[in-house]
Amino acid sequence: MNPALWLRYSWRDLRSGLQGFWIFLACIALGTAAIAIVGSLSASIQRGMIEQGQPLMGGDIEFAIIHREATAAELAYMRAKGEVSKVATLRAMAVSSDGTALIEAKAVDDLYPLYGSLEIEGSRYAEQLRDAKGILADPLLIGRLGITNGAKVKIGTAEFELRGLIAKEPDRLADGIILGPRVLMSEEALKASGLIQPGSLITWRYRIKIPGDPPLRAIKAIEREANKKFPDAGWRVRTRDRAAAGADRFIERLSYFMTLVGLTALIVSGAGIANAISAFVSRRTSSIATLKCLGAPSGTVFAIYLTQILIVGLMAIGVGLLAGAVTPLIAYETFRDLLPLPLTAQVEFRPLAMAGLFGFLVTLAFAIWPLARTRHIPASALFRHKIVETTTWPNVFEMAAILIALIAIGALAFISFDEPRITGYYLIGLVSSFIILLGLAWGIVKLASRLPKPGSAIWRYALGNICRPGSSAISVILALGLGLTLFVALALTDRTISTELRSGLAEKAPAFFFLDVPNTDRDKFITELNQQPGVTGVESAPMLRGRMVKINDTPVDKVQASPDAAWALRGDRGLTYSDTLPQGSALVEGQWWPADYTGPPLVSFVDEIANGIGLKIGDKVTVNVLGRDVTATVANLRSVNWRTLNINFVMVFSPNTLKAAPHNHLVTLEMNGGDESKLLNTMARSFPVVTAVRVKDALAAINELLGQMLSAIRGANALTLLTGVLVLAGALAAGLSSRVYDAVVLKTYGATRRQLMSAFVIEYASLGLAAAVFGVLAGSLGSWFLARWILEMPWSFSISTAVLTAFIAMLLTILGGLTVTWRALSAKPSTHLRNE
């Protein structure tokens, strides 16, 4: 053991430059950079949410309740913890003399905002909201209503004066998706508007500013204490680290997906690393033989070159980590005013350490096997290394090191990600791909060796290249198969997201959703709707809000739900009751209750959600509605075609369960022709407390979010595809030296360049076809896994997309191989023959 000697020899060898290492460097650097960049950006956003969570949410902790205000006991508990600001949010219609627009109304008190500042164009907001007569609005409202500052705007049943335009709303991100311009008013103004009705979809938010700026763990303790003290409150509690509604989960899922893609790219680059090192060992055969002639033990030779590889690998890892380290700084300076999410401008060491460890372990795992050849290169190879066969298995210690590195990669993946089950499936799929590809490659080599010898010399030479000693067929199939799998998976994932974006409206989707239609006005509202030009269909359903709290006797936070059903257990859900099966539904199990049913509460569940949370006919579900727990028995399961956008709910109750509770109605409208704007104006003026949501506008807002996710994924895909191309180039370049030697010998004996090129086309096409078949199958499975378990959206498969992607990638690979081969065919025989 002489590490100083290993390092000295390695460093001397590297003084001649990094020639032959560039693909090796690029594979490691790009793979490490992909993980480091994604991890650093995610950590930067998460740190920004924690550090800036107070102004983003408007408090240290928030209690949100739908339909009702907090009770005296609940409010007393909150005030005992700190200063409380009360905010109410709801959707409503704003009407001017020239137009009508959907708005997001927010009623605030004198303490708003507890953190941060609300910026108004030209003056302070508190002066404009000192009474129940004025409002502040997003500048978008001016364009939509055709008004100016100071104009009169009718909201609900009251008229208000527009007294200022909002320049910056500190807690904008906390409210999630906003479909219309923001309008700020006082609580007195909200009461005067007539929008507060029993069953109205109003969210009351109580934000607390805790004195002393306590640590996050103390705030989490308050959350646990509040839920324990008021188990039936039905509120949703958020702390300052979860200030952005839904954004934290969106970032978590996107980061998880992109990190898995980056890790896949790094592991795929392992094939490129192995090929590059194999080529490196081939180029160093004479040097290795010389060292052995001078008495160097095989172990010392192995250690010298392993040290050299690790030095180069650490250099590449350093480049990747540098890219990850500067990414938050660049993003902060470049995008901080464009992104709605907060960023911090500092180096995130944890994701960098994780990326560096992944890079080092992958380098070690894939470098040892090809370096094991150095032990078996004899001293005589100095004189006849062209015919020396050095393919061998690593010894026990080398194999143990490889297994330890691979196990460490798996363990690090489990430690780094919060989804152990999904991570486990991912690792199983990755290991299975390696095993299947190695078996496929071995089978092709054996098949090529046992096929009858073709009469054509070109075909005979092509098949001989596949099965000859020292053939690179196995490494090429491994690299090509993994690369094509990744390309197909990413192409189908892109298609899945794009299809989700394009799905948009169904062929006969409603034009409008009308919310908060009062019980007393329902019949009158529907009658007037049917009288409007172009109306072809009107549907209505009672609507309440409720939150599942128990499945049988298990609290929902303890229920193990599948990823595509877990959303139903989070927060409040829309509820309804009906004596008949809703339109667009079909019973798949159980029976619907009679129209005059008066027995114990019953509920109907959507089958995919019920199966995802483990519900069966006869199970009990407890739902908190308006602060009261209602337990119902699952009577039936039904399938729903959600894309029709007809009125449908996850849970439909028997009428006797909820009919007596205060509630309003949801109404949908189908149109064929007619003027949507005119209809909206007419209905808004006749029914000022009813809110109209134009379906196309709502879908456009949701599609914008999905579009941002698609852009981010495509950015990660581009980096991954670049890594894959380099891996494939490394696999093809690995055999360049032997190609040069073969070409020289065959050309000396009269072979033409055309004949040799034809043989190489046959060889590459045979290997590429086998890898492409595997890539299409494994890539399709991988895309399904990503869609179902990570992106949580319907999988869209296209055989043409999968096959075309694999074909194009295979064609580029063959062209790349022929380019490398052309260089070999261009070698002058005289130069090489003199050296022999």
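Residues numbered from 1 in each chain as written. Predicted model: local features only at pLDDT ≥ 70, side-chain atom pairs only at ≥ 80, totals over all residues. Heavy atoms only, no water.

(A) Summary view of the overall build of the chain. For the chain, the helix and strand inventory stands at 26 helices and 21 strands. Intrachain contacts of the chain at a sequence separation of at least 6 include 83% that bridge at least 24 residues. Total accessible area computed for the chain in this model is approximately 36800 Å², and 60% of it derives from carbon and sulfur atoms. (Helix = DSSP H or I, 4+ residues; strand = E, 2+ residues; numbered from the N terminus. Contact = heavy atoms within 4.5 Å. Areas by Shrake-Rupley, 256 points an atom, 1.4 Å probe, with all protein chains shown as cover.)

(B) A nonpolar patch on the surface, seen in detail. Nonpolar side chains collect at one region of the surface, where Leu781, Trp784, Trp795, Phe797, Ile799 and Val803 lie side by side and expose about 560 Å² of accessible area between them. When contributions to the nonpolar patch are tallied by element, the ones reaching two or more residues are helix H24 (753-791) and helix H25 (799-825). With respect to the element layout, Trp784 can be found in helix H24. Residue Trp784 is classed as partly exposed on the basis of its relative accessible area of 33%. (Patch = residues over 30% accessible without salt bridge, like charges linked within 9 Å, V, L, I, M, F, W, Y side chains within 5 Å. Salt bridge = Lys/Arg side-chain N within 4 Å of Asp/Glu carboxyl O. Buried < 20%, exposed > 50% of the residue type's maximum accessible area, 1.4 Å probe, protein only.)

(C) Here's a closer look at the nonpolar core. Core analysis: the largest hydrophobic core is formed by 85 residues, its most contacted members being Phe24, Ile267, Phe358 and Leu371. With 14 residues, the top contributor of residues to this core is helix H9 (residues 247-283). Residue contacts for Phe358: discarding those within four places in its chain leaves Ile35, Leu263, Leu266, Ile409, Leu412, Ala413 and Ser416. Core analysis: the second largest hydrophobic core is formed by 46 residues, Ile135, Leu190, Phe230 and Ala233 among them. (Core = buried A, V, L, I, M, F, W, Y, C linked by side-chain atoms within 4.5 Å.)

(D) Quick peek at the pairing of strand S12 (residues 535-551). Bridge count between S12 and strand S20 (residues 664-671): eight bridges; the pairing is antiparallel. Its bridge partner lying in S20, Val538 is registered against Leu669. Direction of pairing for S12 relative to strand S13 (residues 554-555): antiparallel, over a ladder of two bridges. Across the sheet, the residue bridging to Lys550 is Pro555, located in S13. (Pairing = 2+ DSSP bridges.)

(E) Quick peek at the environment of Leu575. Tracing the sequence through the fold places Leu575 in strand S14 (residues 573-577). The spacing of Leu575 and Met543 is 32 residues in sequence and 5.7 Å in space, taken between C-alpha atoms. Residues in contact with Leu575, not counting those within four places in the same chain, are Pro542, Met543, Leu544, Arg545, Gly546, Val623, Val625, Phe649, Met651, Phe653 and Leu658.

(F) Highlighting the packing of aromatic side chains. Under the definition given, this model contains nine aromatic pairs. Plain terms: the ring middles of Phe230 and Trp235 are 5.5 Å apart, the flat faces sit at 65 degrees to each other, and that makes the pair edge-to-face. For Phe230, a relative accessible area of 16% gives the class buried. Look at Trp235 and you get buried, because its relative accessible area is 4%. Between Phe366 and Phe434, the ring centres sit 5.9 Å apart and the planes meet at 40 degrees, which makes this aromatic pair tilted. Of this pair, Phe366 sits in helix H12 (residues 349-371) while Phe434 sits in helix H15 (residues 420-450); the two residues are 68 residues apart in sequence, bridging distant segments of the chain. Looking at Phe366, the relative accessible area reads 12%, which means it is buried. Owing to a relative accessible area of 15%, Phe434 belongs among the buried residues under this scheme. Ring pairing ties together the aromatic residues Phe63, Tyr77, Phe230 and Trp235, which thus form one cluster. (Phe/Tyr/Trp six-rings, centres within 6.5 Å; stacked < 30°, edge-to-face > 60°.)

(G) Structural view of the environment of Lys154. When you line up the elements, Lys154 lands in strand S6 (residues 152-155). As a C-alpha pair, Lys154 and Val95 span 59 residues in sequence and 5.0 Å in three-dimensional space. Each residue touching Lys154, except ones within four places of it in the same chain, is listed here: Met93, Ala94, Val95, Glu159 and Pro688.

(H) Just the confidence of the model for the chain, in detail. Averaged over the chain, the pLDDT score is 80; the fraction of residues at 70 or greater is 84%. Put simply, helix H13 (residues 381-384) is where the chain has its lowest mean pLDDT, 58, and strand S19 (residues 651-653) is where it has its highest, 93. (pLDDT = per-residue confidence, 0-100.)

(I) Broad picture of helix H18 (residues 522-530). Taken together, the buried positions of H18 are Phe525, Ile526, Glu528 and Leu529. For H18, the arc enclosing every buried residue in end-on projection is 165 degrees, short of the 170-degree limit, so these residues lie on one face. Set apart from the buried face of H18 by more than 90 degrees, the exposed residues are Asp523 and Lys524. Along its buried surface, H18 packs onto strand S11 (512-517), S12, S20 and helix H21 (676-686). (Arc of directions from axis to C-beta.)

(J) Local environment of the packing of helix H14 (residues 396-416) against H15. The geometry of H14 relative to H15 is characterised by a closest axis approach of 9 Å and an angle of 150 degrees between their N-to-C directions. Classed by the angle they form, the pair H14 and H15 counts as roughly antiparallel. The crossing of H14 and H15 is right-handed. Counting all contacts with H14, which are made through Gly410, Ala413 and Phe414, the residues of H15 involved are Pro420, Thr423, Gly424 and Leu427. Residue composition of the contact of H14 with H15, grouped by class: four nonpolar, three polar and no charged. (Axes fitted to C-alpha atoms, helices over the stretch in contact; angles between N-to-C directions. Parallel < 35°, antiparallel > 145°, perpendicular 65-115°, else oblique. Left-handed = near helix turned anticlockwise from the far one by under 90°. Nonpolar A, V, L, I, M, F, W, Y, C, P; charged D, E, K, R; others polar.)

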